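Results of the structural survey
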Amino acid sequence: MIINMDHLNVIPFDNINMGSEDDPNTALHLQHHQPHNLDFDFDYPNNNNDDDLLEPTSLSDPNLDPYEGMEFDSEQSARIFYNSYARRVGFSTRVSVYQRSRRDGSIICRQIVCSREGFRREGNENRSKRQRTVTRVGCKAQMTVKKQSSGKWAVTKLVEDHNHELVPPDKVHSLRSHRHVSGSARSLIDTLQAAGMGPSGVMSVLIRESGGINNVGFTKVDCQNYMSTSRQRTLGPGGQAVFDYLKQMQAEDPGFFYAVQGDFENSTGNVFWADANARMNYSFFGDTITFDTTYRTNRYRVPFAPFTGWNHHGQPLLFGCALLLNESESSFVWLFQTWLAAMSGHRPISITTDQDRIIRAAVSQAFPGTRLRFCKWNVFREAQEKLSHEYHSHPTFEPEFHRCINMAESIDEFESCWESLLQRFDLSDNEWLQSMYNARQQWVPVYLQDTFFGEMSILQGSDSINSYFDGYINASTNIHNLIKQYEKAMAIRHEKEVKADYDTLNSPPVLKTPSPMEKQAANLYTRRIFMKFQEELVETLAYLATVVDDIGSAITYRVAKFGEDHKVHHVRFNAFEKRASCSCQMFEFSGIICRHILAVFRVKNVLTLPSNYILKRWTRNAKSGVVLDEHTLGLPCNTQESLAARSENLRLEAIKYVEEGAESEHIYNVAMDALHEAIRKVAAAKRCGSALVQTTVVNGSQQLQSCSLDEDEKIQELTAELEQASQRCEAYRTKLLCVMKDMEEWKLRISVKVQNVRLKMKD
């Protein structure tokens, strides 16, 4: 008989954190490094993912007992079944001896025993002064399962007799393998604890809400342990260093923002901060954000969570950081609302985060109207755990699963591929796959392509959301060196952005076509964005656009690559407004026009990009002008008071100076002379300090008078000369563009004539 556990909503009892049965404050980890005859208590790791923890329920046949020869789909299914059987009978379970394959090292045999099996080892009496309760009495009850050549796991040995009394049904919930603080219970406990309620009061609420203590699923001791652990999740000894840093930054930069939930000195809530640069960057690039919760898992020592986005080079950009000390829904709502207040209250178009139920609920409250997307990288990582049997049993399953998600170009194609995948691998009853299919609009790319996420293509798909601090914060990072690593990452990221700005201005790309549109894009976009646009433009040479509907003001084109008529996209084009929409929706998703629309533009002789297809956030001048002014952002009105703002203003002006000063040799020489003068003046100001500048009051306003007026006049003259030279160059550029446009039009006309002649010759 084969028992399929996929459809059962039962608790995976190896994912519980209640401490050992002998000592509730101790938990031994199931990490076997030797191949034979090892005896370990079961590992109960603290799992923050609510969806990973399932409530126990009865089997389809509640009276089904194990027997030799019984088969299961996986080792986990066998362990879940035996634990469910143990709950019904009245004992607790744990895993014990296992055996690995010599061929590939995988586990091929597992022994699941009664928790009272064997005897506790005698250790050093001096190691512990507390007498531990004797719980192991040499019970022989066990079930051994072994992997068969078919991939199934069969019961090869079964001992049912116990040498101790069994626990009655009304007490079985107290046994270790049947105790579990669920995700919903953790959220309720966090909320009640934050309101000042103690363990007794919390348990009273839980008992009332669940309909009796037997239905709670854990004991009062478990509740106390969880609440104690939650209280201990503060910033610890390094917390003062963090608060001192935040105070110092705000004193130095009035645009620096931070907030603490709860008690400032002994925080048990969340901490959020964002500097003036992050807030200013949000005004330029705040259309899409990512809330990265990777670092709040147990693997990391610091519960760190940054808000990030993309700059005009497609590089990760920081919009603020948080330390998550309380993970209740109300705390996440506070965090999101606080972040939103720091960012002037302007909600993003889209947000990417993991699929945690509590975070989803908080996002819906704090960001109504913002499109929520699950990080696809997290979904695939979870799939490796939830579908481990399929991954190991069917080598082709993983690539086919990824292909179904990533390569589908339409909703119908995805639906067909998904259904085929479930049928071929017999997964129609898999609960996890069904739950992810129900949420497909929030993580499958083909459902998200109508919303802007700022990625180069739909296939990029948020491969990893923790990219900003990747390489700077890891599992060994603690609160003491967090700030140091944070500032290091900020400095390196800023350096990379400056280098990308420099490369864009000083390394002109190689043009691959004579198209005026390519020349226009090369002058507009940053280097990386232009490379993506150029790729789309060049591809249009292999695409044919034919009219399929010419009714009304808009014309519908069928666009397909030569030799790939089965992959068709449809483009609707309004010639009067020069607007087009494509079924691939690449422009809506990434802000970069697709090859299909460009193919239609080529047919319709649209030689330059219409302004509505130039997204400013991808251009060289993305940070020129302010989308949100300083008053709206809450930044100091006088930006000179902010070091970050001063640095940013100087950098932007320097970029403009370099761009115009390098247009010709004459202008370059003029610019260099002016720059040398400016350098000398800055150096003199640093030496003389306030003595160089005197402040006088004229008509009630302050004016700055330099002791070096001659130098000022010279710089003004050079600046005027530079401006005149720039205007002349602009006039020459405009004339050249007109000539190139005329040449392109003649080339297209000749090309059409040649094509018509060839068609007539064929006829």
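Report follows, based on the coordinates. Small disclaimer: the values here were computed from a predicted structure and weren't measured.

Analysis parameters
Residues numbered from 1 in each chain as written. Predicted model: local features only at pLDDT ≥ 70, side-chain atom pairs only at ≥ 80, totals over all residues. Heavy atoms only, no water. Helix = DSSP H or I, 4+ residues; strand = E, 2+ residues; numbered from the N terminus. Buried < 20%, exposed > 50% of the residue type's maximum accessible area, 1.4 Å probe, protein only. Contact = heavy atoms within 4.5 Å. Areas by Shrake-Rupley, 256 points an atom, 1.4 Å probe, with all protein chains shown as cover. Salt bridge = Lys/Arg side-chain N within 4 Å of Asp/Glu carboxyl O. Axes fitted to C-alpha atoms, helices over the stretch in contact; angles between N-to-C directions. Parallel < 35°, antiparallel > 145°, perpendicular 65-115°, else oblique. Left-handed = near helix turned anticlockwise from the far one by under 90°. Nonpolar A, V, L, I, M, F, W, Y, C, P; charged D, E, K, R; others polar. Phe/Tyr/Trp six-rings, centres within 6.5 Å; stacked < 30°, edge-to-face > 60°. Expected span 1.5 Å × (residues − 1). Pairing = 2+ DSSP bridges.

1. Examining the overall build of the chain
Secondary structure summary: the chain contains 23 helices and 19 strands in total. Evaluated residue by residue, the chain yields a buried proportion of 47% over its 763 residues. In the chain, of all internal contacts separated by at least 6 residues, the share reaching a separation of at least 24 is 64%. Surface accessibility of the chain: about 39000 Å² in total, with carbon and sulfur atoms responsible for 51%.

2. A look at the pattern of salt bridges
In the structure shown here, the tally under the stated rule is 20 salt bridges. We note a salt bridge from Glu415 to Arg440, for which the minimum N-O separation is 3.1 Å. Placement of Glu415 in helix H12 (residues 411-424) and of Arg440 in the loop between helix H13 (431-438) and helix H14 (445-448) is noted, with a sequence separation of 25 residues between them. Take Glu415: its relative accessible area is 21%, and that puts it in the partly exposed class.

3. Points about the packing of helix H7 (residues 329-342) against helix H8 (residues 357-366)
Two elements in contact, H7 and H8, have axes whose closest approach is 9 Å; the angle formed by their N-to-C orientations is 40 degrees. It follows from the interaxial angle that H7 and H8 lie oblique. In this structure, H7 meets H8 at a crossing whose hand is right-handed. Taking contact as the criterion, the partners of Glu329, Phe332, Val333, Phe336, Gln337 and Leu340 in H7 are, on H8, Ile358, Ile359, Ala361, Ala362, Val363, Gln365 and Ala366. A breakdown of the residues in the contact of H7 with H8 according to their chemical character gives 10 nonpolar, 2 polar and 1 charged.

4. Side note on the packing of aromatic side chains
If you walk through the whole model with that rule in mind, you get 36 aromatic pairs. Measuring from centroid to centroid gives 6.4 Å for Phe291 and Phe332, while their planes differ by 85 degrees, and the two rings are edge-to-face. Pair noted here: Phe291 is in strand E9 (residues 288-291) and Phe332 is in helix H7, with a separation of 41 residues, a long-range link. With a relative accessible area of 0%, Phe291 lands in the buried category. Arranged with centres 5.7 Å apart and planes meeting at 45 degrees, the rings of Phe453 and Phe589 form a pair that is tilted. With Phe453 in the loop between H14 and helix H15 (479-506) and Phe589 in helix H18 (residues 586-590), the pair connects residues that are 136 residues apart, well separated along the chain. When sorted by exposure, Phe453 lands in the same class as Phe589, which is buried.

5. With respect to helix H1 (residues 75-89)
Each full turn of the α-helix corresponds to 3.6 residues, which orients residues three or four apart in the same direction. A rise of 1.5 Å per residue sets the reference length of H1, with its 15 residues, at 21 Å; its end C-alpha atoms lie 21 Å apart and thus fit the reference within 8%. Buried residues dominate H1, accounting for 11 of its 15 residues. The inward-facing, buried residues of H1 abut strand E2 (71-72), strand E3 (93-100), strand E4 (107-114), strand E5 (142-147) and strand E6 (153-159). Just past H1, the residue Gly90 takes up positive phi, approximately 120 degrees.

6. Section: the pairing of strand E16 (residues 568-574)
With 7 bridges connecting them, strand E15 (residues 554-561) and E16 associate as antiparallel partners. Following the sheet pairing, Val559 is matched in E16 by His569. Counting the residues in the hairpin turn of E15 and E16 gives 6 residues, including Gly563, whose phi is positive at 85 degrees. As judged from the 4 bridges shared by E16 and strand E17 (residues 579-582), these two strands associate in the antiparallel manner. When the sheet's bridge partners are listed, Arg572 is paired in E17 with Ser581. Remark: 4 residues form the turn of the hairpin made by E16 and E17, two consecutive strands paired antiparallel; Lys578 in that turn has positive phi of roughly 55 degrees.

7. Topic: the sheet that holds strand E11 (residues 316-324)
Reading across from one edge, E7-E8-E11-E10-E9-E12-E13 is the order of the 7 strands in this open sheet, with mixed pairing throughout. Single-partner strands in this sheet number two, and they are strand E7 (257-260) and strand E13 (371-374). The mean inter-strand angle of the sheet, taken between neighbouring strand axes irrespective of direction, is 20 degrees. Relative to E11, strand E8 (residues 270-274) runs antiparallel, the two sharing 4 bridges. Within the sheet, the bridge partner assigned to Phe272 lies in E11 and is Ala322.

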